[in-house]
Amino acid sequence: MNAPHRVDPVDVHAVAKPAEALFRSTFGGTADGVWAAPGRVNLIGEHVDYAGGLVLPFALPYMTVVAVRVREDGILHAVSTHTDESWRGSLADVAPGHPAGWAAYVAGVVWALHRSGHVSAGIGFDVAVHSTVPVGSGLSSSAALECAFALAVADLAGLPTDAAGRQPLVAASIRAENEIAGASTGGMDQSVAMFARPGHALLLDCRDGATRHVPLDFESAGARLVVIDTNAPHRLVDGQYGNRRATIEKACADLGVTTLRDVVDADAAVAALSSPAAARTRHVLTEIRRVTEVARLLDRGRIADVGDALTRSHASLRDDYEVSSVELDAAVDAALEAGAWGARMTGGGFGGSAIALVPADRVDAVVEGVVHRAASASLPTPQFLSAEPSGSAHRL
Ligand code: ADP
Ligand code: MG
């Protein structure tokens, strides 16, 4: 994808270099090791994680790398190429809201692993971060950072990092984000960063945490998945997210179910609710069905046929859940007009990114169409990322 507005993925060793250079210039000497974790995109299953639903994300070939060295004095010192803001403190300085800013994602991981009894209080680290995941674009740079560092801490503390050993690392990363950074997150991002498999999406059942790898090979299907980062600022996200969650919780109470996943008769449930809970509930119930539909199609290798469900997902998020934005709608409409098989907003909405499932020979047309639409509507120029399903967090 080499053209203006397009950001190609680079090899993990190239991502490591700036992290290692920052480590040397800040701390001197070399790190004990270097770890990487990927950003992700959610193919389908939006705003259903907190309803006990199904989600189908996959890891991107864009990642966050941490260069880390153990300290014996219990101090955590963290720096990043992304910001001049560094943080230096000990476990005693970590609490909800502290540290403020990006270091919460790093300090929170050590805090959570200490809370769960996995690391001792005296443990400290020098940490240097570099990332190719766009930050704040809905592609989960936050979980990539948490998970890269959680894996580093586990390796350096002698904890297991096989599939079973990664479960407490996922839990610690979620706690860091929820409790220390104070950001709501359902756990999808951390799970895919830790468990993704190349060439597959991860079907995650948010009711019980069960996972299944679903084959997803765009290339051999003559398809491409284009990620469109609208470059639009997130607006009102916190309040709207909480509002949607509260509506769904109230709907559950009114329907007498623990989660919307437990609803048996979708039409009757929607009919029993008043506006806007009825429309919100209809989104969740139809979206869960669409995830099942997409997973079945992918199991049979029918990638092109997934497009229609993606587009229906977008309409449902736009009209029933009302979490889209003018930039996301413009990107989706322009991608479809330029020949995409399907397109939808992805992530929480109100900005962030969209995805388009595109026949390989229509990628240029879709990119041009989306750029042109944004320009003619005086919207920010989007950037485009390529999205081959990639692997999970690992040590280099
Ligand atoms: P997303 O996860 O979709 O990118 P979030 O708002 O959840 O958006 O997380 C973005 C935040 O994560 C940033 O504001 C910053 O605090 C932190 N972050 C992510 N990547 C980095 C990085 N490379 N260096 C420093 N902080 C980072
Ligand atoms: Mg995030």
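Residues numbered from 1 in each chain as written. Chains lettered and ligands numbered in written order. Predicted model: local features only at pLDDT ≥ 70, side-chain atom pairs only at ≥ 80, totals over all residues. Heavy atoms only, no water.

The chain carries the name Galactokinase in an unreviewed UniProt entry, which gives Rhodococcus jostii as its organism. For the record of the chain, the UniProt heading Sequence similarities (unreviewed entry) holds the text "Belongs to the GHMP kinase family. GalK subfamily." (UniProt positions renumbered as here; feature names shortened; annotations may be inferred.)

On to the site of ligand 1, then. Taken together, 17 residues surround ligand 1, and among them Ser80, Gly136, Gly138, Ser141 and Ser142 come closest. Serine 80 is positioned such that a nitrogen or oxygen atom in its side chain is 2.7 Å from a nitrogen atom of ligand 1. Backbone polar atom of leucine 139 to an oxygen atom of ligand 1: 3.5 Å apart, as the coordinates give it. The pocket occupied by ligand 1, as judged from atoms lying within 2 Å of grid points, is the largest pocket. Secondary-structure elements contributing two or more residues to the shell around ligand 1 are strand 7 (124-131) and helix 3 (141-156). When residues in the shell around ligand 1 are grouped by element, the largest group, 3 residues, is from helix 3. Here the shell around ligand 1 is built from residues that sort into 7 nonpolar, 9 polar and 1 charged. (Near = heavy atom within 4 Å. Polar contact = N/O pair within 3.5 Å; in protein donor to acceptor, adjacent residues only side chain to side chain. 1 Å grid on protein atoms, 1.4 Å probe; cavity = no way out; pocket = protein on both sides within 12 Å on 5 of 7 lines; lining within 4 Å. Sits in = over half its atoms within 2 Å of the grid points. Helix = DSSP H or I, 4+ residues; strand = E, 2+ residues; numbered from the N terminus. Nonpolar A, V, L, I, M, F, W, Y, C, P; charged D, E, K, R; others polar.)

Turning our eyes to something else, we now look at the pairing of strand 4 (residues 57-71). Of all 15 residues in strand 4, 14 are buried, a share of seventy percent or more. Note: strand 2 (residues 33-42) against strand 4, 9 bridges, orientation antiparallel. What sits directly across from glycine 33, in strand 4, is valine 68. Pairing of strand 4 with strand 7 involves 8 bridges; the strand directions are antiparallel. When the bridges of strand 7 are listed, valine 66 appears paired with valine 129. (Buried < 20%, exposed > 50% of the residue type's maximum accessible area, 1.4 Å probe, protein only. Pairing = 2+ DSSP bridges.)

On to the UniProt feature "domain: GHMP kinase N-terminal" (unreviewed entry) in the chain. Sites flagged by UniProt as "domain: GHMP kinase N-terminal" (unreviewed entry) map to residues 105-195. Its end C-alpha atoms 19 Å apart, residues 105-195 is made of 58% helix and 9% strand.

Taking strand neighbours across the sheet as the criterion, the 3 strands line up as 3-8-9 in an open arrangement whose pairing is antiparallel. Edge positions in the open sheet fall to strand 3 (54-55) and strand 9 (211-215), since each of these has one partner strand only. Sheet strands touched by helix 5 (residues 188-195): strand 3, strand 8 (200-205) and strand 9. Its angle to strand 8, the strand with the most contacts, is close to 135°. Helix-sheet contacts for helix 8 (residues 277-299) involve strand 3, strand 8 and strand 9, and the interaxial angle to strand 9 is about 50°. (Contact = heavy atoms within 4.5 Å. Axes fitted to C-alpha atoms, helices over the stretch in contact; angles between N-to-C directions.)

Turning our attention to the layout of surface pockets. A water-sized probe, rolled over the atoms, reveals where empty space remains. Estimated volume of the largest pocket: approximately 1100 Å³. As for the largest pocket, its lining consists of 45 residues, of which Ser142, Glu177, Ala183, Ser184 and Asp189 are closest to the centre. Among the secondary structure elements, those contributing two or more residues to the lining of the largest pocket are strand 7, helix 3, helix 5 and helix 6 (237-255). Considered class by class, the residues forming the lining of the largest pocket number 14 nonpolar, 25 polar and 6 charged. The space that makes up the second largest pocket amounts to roughly 290 Å³. Lining the second largest pocket are 21 residues, and of these Asp49, Gly186, Gly187, Cys206 and Gly209 lie nearest its centre. Going through the elements one at a time, helix 4 (163-180), helix 5 and helix 6 are the ones with two or more residues in the lining of the second largest pocket. In terms of residue class, the lining of the second largest pocket is made up of 10 nonpolar, 8 polar and 3 charged. (Points joined across faces, edges and corners; volume = space filled by probe spheres on them.)

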